[in-house]
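# Descriptive structure summary
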Amino acid sequence: MRKALLIATLFAVVLPHWAAGLPPQYAATPTAREYPSADVLVLSEKISFTLHADGRVEKSVSLREKMLTYQGMDDAGDPYVAFHKDLQDLSVTRCRTYTAEGLTVDAKPNSFNERTPFALEKAPAYAGWREMVITKVGLDLNAVVELDYTVADRKPWRRFFEGAVVLQNDRPALVRQVSLTVPEGMGFHARLFGAEAAPS
């Protein structure tokens, strides 16, 4: 009787966690019904660049994706982040999956694996450039994955700061935002191609 009561109590405690569904901020997000041609829906992608006065650059990425199909889980399940191991530090501060059933699954230590970029595997002079493969765990249909990381220069090593960011690709996005912070008094030039919006 005591064992049966204990089991019933455990089910009463655990069951709401399983039945909770997605967190409130993701509960009403679109599904494959609204995006039938998409495998992954980008709920939010925010990329920020900071140029420090001494020339160091810091890039921070905050990405929220919803898995709409099994193909999307395969395509987005193992993203890779490029960095120079001798000049930069890569810090992954969040890699977390929320399932539609209410489970929360964080990345494990073996979710992060460094590799040589395929394009440079026969170029030993560029061996410092690496890719960190980030394996997202707990993926399922309608799961939402949060990924936050920063690539920061250890010291100034660039002649100048430049770059291009793709704002539209094969994954539809509800929000895509790019920001640039420069030292006070420093000018910069930015241009948006293929769209009418102007940088603010």
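Everything numeric here is computed off the predicted structure, so don't read it as measured data. (Residues numbered from 1 in each chain as written. Predicted model: local features only at pLDDT ≥ 70, side-chain atom pairs only at ≥ 80, totals over all residues. Heavy atoms only, no water.)

### Comments concerning the sheet that holds strand S1 (residues 40-51)
This is how the line gets drawn: Whether two strands pair depends on DSSP finding at least two bridges between them. A run of DSSP states H or I qualifies as a helix once it reaches four residues; a run of E qualifies as a strand once it reaches two. Both are numbered from the N-terminal end. The angle between two axes is taken between their N-to-C directions and runs from 0 to 180 degrees, where each axis is a line fitted to C-alpha atoms and a helix contributes only its stretch in contact.
Here 6 strands make up an open sheet; going across it, the order is S5-S4-S8-S2-S1-S9 and the pairing mixed. With one partner strand each, in any of the chains shown, strand S5 (104-106) and strand S9 (176-181) form the two edges of the open sheet. Mean inter-strand twist for the sheet, computed between neighbouring axes without regard to direction, equals 10°. Note: strand S4 (residues 88-98) against strand S8 (residues 144-153), 10 bridges, orientation antiparallel. Each bridged residue has a counterpart across the sheet, and for Val-92 the counterpart in S8 is Tyr-149.

### Some details on the sheet that holds strand S6 (residues 112-115)
The antiparallel open sheet is built from 3 strands, whose spatial order is S3-S7-S6. Each edge of the sheet is formed by a strand with only one pairing partner; in this case those strands are strand S3 (80-84) and S6. Pairs of neighbouring strands in the sheet enclose a mean axial angle of 30°, with direction left out of account. In this sheet, strand S7 (residues 129-134) lies alongside S6 in antiparallel orientation, the contact comprising 4 bridges. Across the sheet, the residue bridging to Asn-113 is Val-133, located in S7.

### Concerning the side chain of Thr-29
The condition that has to hold: Two N or O atoms form a polar contact when they lie within 3.5 Å of each other; inside protein one atom must be a possible hydrogen donor and the other a possible acceptor, and for residues adjacent in sequence the pair counts only when both atoms belong to side chains. We call two residues in contact whenever any of their non-hydrogen atoms come within 4.5 Å of each other.
Along the polypeptide, Thr-29 turns up in the loop between helix H2 (24-27) and S1. Reaching out from Thr-29, the side chain makes a polar contact with the backbone oxygen of Tyr-26 at a distance of 2.6 Å. Residue contacts for Thr-29: discarding those within four places in its chain leaves Leu-43 and Lys-66.

### A few points about the packing of aromatic side chains
Just so we agree on the cut-off: When the centres of two rings from Phe, Tyr and Trp lie within 6.5 Å, Trp using its six-membered ring, the rings pair. Their planes under 30 degrees apart give stacked, over 60 give edge-to-face, and anything left gives tilted. Only protein chains enter the accessibility calculation, which uses a 1.4 Å probe; a residue is then buried when its area is under 20% of its type maximum, exposed when over 50%, and partly exposed in between. Two conditions define a charge located above a ring, namely a distance within 6 Å from the ring centre to NZ of Lys or CZ of Arg, and an angle within 35 degrees of the ring normal.
Tallied over the full model, the rule gives 3 aromatic pairs. Seen in terms of ring centroids, Tyr-26 and Tyr-98 are 6.0 Å apart; in terms of plane orientation they differ by 45°. Their pairing is tilted. One end of the pair, Tyr-26, is in helix H2; the other, Tyr-98, is in strand S4, and 72 residues separate them in sequence. Here Tyr-26 matches Tyr-98 in class, with each residue buried. Centroid distance Trp-129 to Trp-157: 6.1 Å. Interplanar angle 65°. Geometry classified as edge-to-face. Here Trp-157 lies in the loop between S8 and S9 and Trp-129 lies in strand S7, a separation of 28 residues in the sequence. A cation over an aromatic ring shows up here: Arg-115 above the ring of Tyr-80, its NZ or CZ 4.7 Å from the ring centre. Residue placement shows Arg-115 over the ring face of Phe-118; its charged tip is 4.5 Å from the ring centre.

### A look at the nonpolar core
Basically, it comes down to this: Working definition of a nonpolar core: buried Ala, Val, Leu, Ile, Met, Phe, Trp, Tyr and Cys residues. They are joined through side-chain atoms within 4.5 Å.
With 13 residues, the main nonpolar core has Val-81, Ile-134, Leu-147, Tyr-149 and Val-151 as its most contacted residues. With near-sequence residues (within four places) excluded, Val-81 lies in contact with Leu-90, Arg-130, Glu-131, Met-132, Ile-134, Tyr-149 and Val-151. Leu-22, Tyr-26, Leu-68 and Val-144 belong to the second largest nonpolar core, which has 8 residues in total.

### Here we look at the confidence of the model for the chain
Our working rule: The quantity known as pLDDT measures the predictor's confidence residue by residue, on a range of 0 to 100.
Taken residue by residue, the chain gives an average pLDDT of 89. The fraction at 70 or more is 88%. Contacts from residues 1-17, a stretch scored under 50 in pLDDT, to residues over four places away or in other chains number 4 contacts.

### Side note on a negative patch on the surface
Inclusion rule: Residues form patches when they are more than 30% accessible in relative terms and have no salt bridge. Like charges link within 9 Å. Nonpolar side chains (Val, Leu, Ile, Met, Phe, Trp, Tyr) link within 5 Å. Note that accessible areas follow from Shrake-Rupley with a 1.4 Å probe, and for residues the cover is restricted to the protein chains shown. Here, a salt bridge means any Lys or Arg side-chain nitrogen found within 4 Å of an Asp or Glu carboxyl oxygen. Lys and Arg are tallied as positive, Asp and Glu as negative. Neither His nor the chain termini are counted. Charge positions come from single atoms, namely NZ of Lys, CZ of Arg, CG of Asp or CD of Glu.
A contiguous patch of negative charge on the surface is contributed by Asp-74, Asp-75, Asp-78 and Asp-170. When you line up the elements, Asp-75 lands in helix H3 (residues 70-76).

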